[in-house]
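Overview (structure and organization)
Each chain is listed here by its residues.
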Amino acid sequence: VEQVSWLDTVSFCNRLSEQCGLSPAYRIRGNSVQCDFKSPGFRLPTEHEWEVAARAGTDLKYAGSDELAAVGWFDDNSGDETRPVGQKAPNGWGLYDLSGNVREWCWDWFGAYQSGTMADPVGPQSGAYRVYRGGSWTDDAFSARVDRRDQLIPSKPGDHTGFRLTRTLP
């Protein structure tokens, strides 16, 4: 899925959770969304969770390699189109397409994190833009780096922007 807004994505998470008999992770009231991170329902990863999954215990530039062409689709190799998932090598945890192909929405508002060490940090409590990570098939290699972050208005369907779901297990 791509070209979906952040707001549509969190609504999808709740609907999927309900279909699976799980308590939804989100409380949605118009454009206001709160997340219950203890809920077993489907949700977007936090920016920190996304990066931990992409790095898979390594310090590589991209999710699974220091060479983007081995693990991702980007402007130099995509042929100007989204590609089916899993055609490039996975990262060390067996996850595909975290670098390139489609940008991925995260839970966090875009902004600076509090200074100091925090376990499982979550970004600012409010803002104008939500974070997406991973770069897309239209982006250059720099945009697909694991440490690269960007922003988009949550109500706007992002070109080449999709999502990856996570859950908090009991």
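Look above for the structure.
All values derive from a computational prediction rather than experimental measurement. Residue numbers run consecutively from 1 along every chain, following the written order of its sequence. It should be noted that, the model being predicted, local features are given only for residues of pLDDT at least 70 and side-chain atom pairs only at 80 or more, the latter also being counted only at that level, while totals for whole chains, interfaces and linings use all residues. Side-chain measures here rest on the full set of heavy atoms in the structure, leaving out hydrogens and waters.

A word on the packing of aromatic side chains
- Pairing of aromatic rings covers Phe, Tyr and Trp, the last through its six-membered ring, and needs centres within 6.5 Å; plane angles under 30 degrees mean stacked, over 60 mean edge-to-face, and all others mean tilted. Scanning all chains against the criterion turns up 4 aromatic pairs.
- Arranged with centres 5.7 Å apart and planes meeting at 45°, the rings of Trp6 and Trp107 form a pair that is tilted. Here the residue Trp6 occupies a position in helix 1 (residues 6-19), and Trp107 occupies one in strand 3 (residues 103-109), the gap between them amounting to 101 residues.
- You can call Trp6 buried: its relative accessible area is 1%. Strands are runs of DSSP state E lasting at least two residues, helices are runs of H or I lasting at least four, and both sets are numbered from the N terminus onward. Accessible area is worked out with a 1.4 Å probe on protein chains only. A residue is then buried under 20% of its type maximum, exposed over 50%, and partly exposed in between.

Details of the sheet that holds strand 6 (residues 161-162)
- Strands pair, by our definition, only if DSSP identifies at least two bridges between them. As summarised here, the arrangement of the 4 strands in space is 5-4-3-6, forming an open sheet in which the pairing is mixed. The open sheet is flanked by strand 5 (149-152) and strand 6, the only strands paired with a single partner.

Observations concerning unusual backbone geometry
- A positive phi angle is found at Gln3, which is not glycine, with a value near 60°.
- With respect to the element layout, Gln3 can be found in the segment before helix 1.
- A positive phi angle, near 50°, is found at Ala56, a position not held by glycine.
- Residue placement: Ala56 occurs in the loop between helix 2 (47-55) and helix 3 (68-71).

Some thoughts on helix 2
- What helix 2 keeps buried is the set Glu47, Trp50, Ala53, Ala54 and Arg55.
- Each element contacted by the buried residues of helix 2 is listed here: strand 3, strand 4 (130-133) and strand 5.
- Residue Ala56 follows helix 2 closely and has a positive phi angle near 50°. Residue contacts follow a heavy-atom distance rule, with two residues in contact if any of their heavy atoms lie within 4.5 Å.

Spatial relationships are all this shows, so hold off on functional conclusions.
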